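Results of the structural survey
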Amino acid sequence: MNKLKYCFASLLFLFAAVVSAQEEVKVEREQGHTAQSKFRQMYQEFATPNTYRSASGAPGPDYYQQQANYKMDILLDDKNTKIYGTETITYINNSPDDLEFLWLQLDQNVRTKDSKSLLKDGDGVPLAEPTEGFVQKYMTGNFDGGFNIEYVKDASGKELPYTINQTMMRVDLPQSLKSKAQVSFSIKWWYNIPDHTVSRARSGYEYFPEDGNRAYVIAQFFPRMAVYSDVEGWQNHQFWGSGEFALTFGDYEVNITVPADHILDGTGELQNRKDVFSKEMMDRFEKAKKSYDKPVIIVTQAEAEAAEKGFSEKTKTWKLKAQNVRDFAFATSRKFIWDMQAVKFGARDVMAVSMYPKEGNPLWEDLSTKAVAHTLRSYSAHTFDYPYHKAISVHAKNQGMEYPMICWNYGRPDENGNISDRVKYGMISVIIHEVGHNFFPMIVNSDERQWGWMDEGLDTFMQYMAEQEFGEAFPDDIAPNAKYPSRRGDPSKIVPYMSGDQSTISPIMENPENVYQLGNNAYGKPATALNILRETVMGRDLFDHAFKTYSHRWMFKHPTPEDFFRTMEDASAVDLDWFWRGWFYTTDYVDIGVKEVKKYFVSNKPTKKMQEYMAERNVTEADLPPLVYLADEESEDFNADLKGKAPSENSKTLNEYMMDNMTAVERAAVKQPKYFYEITFNKPGGIPMPLIVEYTYADGTKENITYPPEIWRKSDKEVKRVMATQKELVGIMVDPKAETADIDTTNNSWPKKDEKSDFDQFKENIKGE
Ligand SMILES: [Zn+2]
């Protein structure tokens, strides 16, 4: 570059910089744009990284977690619907702190007669009340379902003082439990088992009046250690009912005594199969272990129906042992049918298991174990190989609840045996969801009491992928040529929520007890956000690697939201501050549109505006470097001669430049765009997103350009792009595949489509929910 040209170039640069700086200030003023950009660093929202939790999102060098090992003897009294238990807990203090006391969770105390959870809500008379709820609320007394603690004793049998505060119990130690030391103590208790179909409990029994039997799904049945961690100290937030559980990993040895004609399955490996299985069951079990394509029935419907009439006075004890689980649950009844099949993971086999009363058939024997096996395969492919030896799906009316290796699921044919699509898909979906919870939060053990979305949102996102894969793997089980009808995950499904009344929407980053619309808040929105992150923002390769990295880093550990957010960036090099802030920390929505399109042509003289600019500064064309001028078709600068001509034909400076600087071959190869468009995109919604645009030309061809979300960094409300094209532009469509959850599509096209029909389409979309 010669010196004279350099001088011109820097003058031009200065000139351009002055113009754009002025424009910018103007734009900022007009739009009220402030330094509070969605793109600013997340330092204010994120906890400071430290030696326990690294800035990368991985566990730090001093990361620790506590361990609680349980030995329990449990007796289920079917006649009186009571459960009795004794446990010895060995608590290992891996923290650097000495602990003066221990906190345990007494979740059943949420149903003591005087439970505060009954008084916590300030709503008035609803539109309608579920019948059971009405009876319970206004016509019967409160169920007496709290823990009755008989004793808490130390290892030598000496009573330990304890204090119960609602659902939390503090056990005071005679001397502090030192860092790296452990303590053993025992607790004896009993409680009345609730009818979960009436009390909407996560655990209890269902009574079947036709045969007089009960099916039990039992969880939160023992005093459980609270979590002590670097983040919360003791996580002893009360259990109010919505915010689920925060639990410590440990090893379990549990002996459960039930009527002799019951069958039982639960968390852990059965230690005394020979004592509790019949010869036939043993033979069938051996077959099931080698059956990889379909389940083998271990207890048949005929056998279960015969057992329903038994009411044995004798008992049997089922002995289960589990390692490295965060909880323990079991299901038992004489009504249960039982089937199993094997699923291969490398050299290891995992058993997919279902237990259901005859009331669940034929739906359950057809689809439950199939759904369990599919879930294990699908989730493992996206995270890590399922590490436990089995996963059980238990049928329980109206239940959808998860525990390590076992979960309760709804979905029952009606009294006439009819199975609607709603029941069938609901049942497959809930099984995928609850079995999927083995991954989040049973193994990637987030704090559910604090952050519902960390397990529900991640699980619902994984559920969406597993459902779609189920449809592809088993096309005969869904409607012909259909996509699996996922309830949540598709961007369009979250639009009614995100565009709804702001006074009933909370950010995702909120405690589950405090949010409005928990289903949308903790399940639907985070699942959709992650789906959009994968499909539209990061792309599958980068997302999947980062998501797997998170899963592996926090497998059998306790992650926080920041650990997730940080890892997703750490493993992908995608800057996501704006995404977390927009989707997780605010109640903003996505709405991006095309506002205006202006057509320009290359002009042979300075435009009016340019002439004014030069006059104000007392400069002439001769003082400036060679410039190319663009005339607005709507302005007085425009004349018909300019239209559709190659730029070098209309611009003397451009022509000279090409002659001076290019060879004939280079000139022949140069593109000469004939149309110049200035397109203004606007963003009424608060969430920045990639600007996905489909341009349509007069010859019917289309061009798709995705501008990165960073396009909104300096101007949150409006941005302009110039398109230089050979062909005339006839149409522009923003987000043509509806992948961003844009809440208003009436502003997505140019020329503007008939608003009414667009609005009708929008309404249709809502109705589809
Ligand atoms: Zn869930």
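Note that this is a predicted model, so its numbers are computed, not measured.

A few words on the overall build of the protein chain. Each helix and strand in the protein chain was counted, giving 20 helices and 31 strands. Along the first, second and third principal axes, the C-alpha atoms of the protein chain reach 105 × 60 × 60 Å. Within the protein chain, the proportion of its 769 residues that are buried is 53%. Of the roughly 35100 Å² of accessible surface on the protein chain, a fraction of 51% belongs to carbon and sulfur atoms. The protein chain carries 91 positive and 115 negative side-chain charges, and their two centres are separated by 2 Å.

In this structure, His433 (NE2), His437 (NE2), Glu456 (OE) and Glu456 (OE) serve as the protein donors to the zinc ion, at separations of 1.9 to 2.7 Å. Taken together, the four donor atoms surrounding the zinc ion define angles of 53 to 153° at the centre, an arrangement classified as irregular. In the primary sequence, the donor residues of the zinc ion line up as H-x3-H-x18-E. Of this pair, histidine 433 sits in helix H8 (residues 421-436) while glutamate 456 sits in helix H10 (residues 452-473), placing them 23 residues apart in sequence. Comparing histidine 433 with glutamate 456 shows no difference in burial state: the two are buried.

This paragraph deals with helix H14 (residues 561-570). The element H14 is largely enclosed, with a buried count of eight among its ten residues. All of the buried residues in H14 are Pro561, Glu562, Asp563, Phe564, Phe565, Arg566, Thr567 and Met568. Summarising the contacts, the buried residues of H14 are in contact with H10, helix H12 (518-538), helix H13 (540-554) and helix H15 (577-584).

All right, on to the environment of lysine 287 then. Checked against the element boundaries, lysine 287 lands in helix H5 (residues 279-288). Separated by 54 residues in the primary sequence, lysine 287 and glutamine 341 have C-alpha atoms spaced 8.7 Å apart.

A few words now on the sheet that holds strand S21 (residues 390-395). With mixed pairing, the six strands of this open sheet are ordered in space as S16-S19-S20-S21-S23-S22. Only two strands of the sheet have a single neighbouring strand rather than two, namely strand S16 (296-299) and strand S22 (400-403). If you compare each strand with its neighbour and ignore which way they point, the axes differ by 20° on average. Judged from the five bridges that link them, strand S20 (residues 348-356) and S21 form a sheet pairing that is parallel. Residue valine 353 lies in a different strand from S21, and its bridge partner there is isoleucine 392.

Turning our attention to the UniProt feature "domain: Peptidase M1 membrane alanine aminopeptidase" (unreviewed entry) in the protein chain. Cross-referencing UniProt, the feature "domain: Peptidase M1 membrane alanine aminopeptidase" (unreviewed entry) maps to residues 418-583 in the present numbering. Between the end C-alpha atoms of residues 418-583 the distance is 41 Å, and the span holds 61% helix and 0% strand.

Reading guide: rules and limits
Residues numbered from 1 in each chain as written. Predicted model: local features only at pLDDT ≥ 70, side-chain atom pairs only at ≥ 80, totals over all residues. Heavy atoms only, no water. Helix = DSSP H or I, 4+ residues; strand = E, 2+ residues; numbered from the N terminus. Buried < 20%, exposed > 50% of the residue type's maximum accessible area, 1.4 Å probe, protein only. Areas by Shrake-Rupley, 256 points an atom, 1.4 Å probe, with all protein chains shown as cover. Lys, Arg positive; Asp, Glu negative; His and termini not counted. Charge placed at Lys NZ, Arg CZ, Asp CG, Glu CD. Donors = N, O, S within 2.8 Å, 3.2 Å for Na, K, Ca; no water. Tetrahedral: all angles 85-135°; square planar, octahedral: opposite > 155°, others 65-115°. Contact = heavy atoms within 4.5 Å. Pairing = 2+ DSSP bridges. Axes fitted to C-alpha atoms, helices over the stretch in contact; angles between N-to-C directions. UniProt positions renumbered as here; feature names shortened; annotations may be inferred.

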